[in-house]
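# Notes for the structure review
Residues per chain are reported as follows:
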Amino acid sequence: KGQFYKVNMHCHTTVSDGTWTPEQVKDYYKSHGYSAVCYSDHDVLVGHEDLCDDEFVALHACELSVKNLKMESTPLFMPLYHFNMIAKDQKNRNLPIYPREERKYTMEWVNGYLKEVSDAEFLINYNHPEWSLQNASDYIGLEHVHSFEVINAGCYLYNDNTSIHYHSILRAGKKLVPTAGDDNHEPHECGKAW
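Residues numbered from 1 in each chain as written. Predicted model: local features only at pLDDT ≥ 70, side-chain atom pairs only at ≥ 80, totals over all residues. Heavy atoms only, no water.

It is worth spelling out the pairing of strand S3 (residues 57-67) at this point. With eight of eleven residues buried, S3 is to be regarded as a mostly interior element. Bridge count between strand S2 (residues 36-42) and S3: seven bridges; the pairing is parallel. Bridging across to S3, Val37 finds its partner in Ala58. Alignment of S3 against strand S4 (residues 80-87), held across seven bridges, turns out to be antiparallel. Paired with Glu63 across the two strands is Asn84, which belongs to S4. (Buried < 20%, exposed > 50% of the residue type's maximum accessible area, 1.4 Å probe, protein only. Helix = DSSP H or I, 4+ residues; strand = E, 2+ residues; numbered from the N terminus. Pairing = 2+ DSSP bridges.)

Attention now moves to the packing of aromatic side chains. Summed over all chains, the structure comprises 15 aromatic pairs. Centre to centre, the rings of Tyr81 and Phe83 are 5.6 Å apart; their planes meet at 10°, and the pair counts as stacked. Summarising the burial analysis for this pair, Tyr81 and Phe83 share the class buried. Taken together, the ring pairs connect Tyr81, Phe83, Tyr105, Tyr126, Tyr139, Phe148 and Tyr166 into an aromatic cluster. Looking at Lys6, its charged tip hangs above the ring of Trp194, at a distance of 4.3 Å from the centre. (Phe/Tyr/Trp six-rings, centres within 6.5 Å; stacked < 30°, edge-to-face > 60°. Lys NZ or Arg CZ within 6 Å of the ring centre and 35° of its normal.)

Written out as C-alpha cells, the structure is:
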C-alpha cells in the first residue's frame, strides 16, 4: 500500500562531466517510468525547477568530494569522500562550496562542513565508499548524514559491493535511508539503479 516512485538519486549531465544535457536526462528517465532524478553534478549547484512538471521532479544537488591528497595513489582511485548535497527547497542555492585545496580529509573538518551544509537546508547522501577506498574508520564517525548510497550502478559494474558498508553503518547504530543511483555520465549507464 502507498505511493511508490522510481528515482535515480545520482546523475551527471553536461553541467559537469556528463554527456547528456539536463533535458536529455529528463527525457530518458521520464520515458522509462522514473518520477524523479537527482541532478548531482560535480562541485556546482544548478537549479532545475524548469524541468519539473506534474509527472516529474528534478531535484537539484551537488556531488562534492574531499580527497586524501597525502596518499600515494592514482587520480581515479584514492581515498576520498563523495557526498550528494540535495536541496530541500528548489529555490535554495545557498550551498557552501569550499575550493578543493581548502577541503581537509579529516573527520573534524568533514563533520564541520557537513553541519554547515545541513544548516543551509540540504540533505546529505554519502556516496559509494567502496569505490572511494573507504572503510568503517572513514564513515562511522560521520555526522549530519541523512542517507547512504547502497547501490551505485556505475560502481556495481566494477564488482563494487557497497551494501557491506551500509550494514556496518546500521550495526553502529546509525539510521540512514538507503538510496540507489546510476551515477550516470554516459547514456549506456542509465536506467540500472533506482
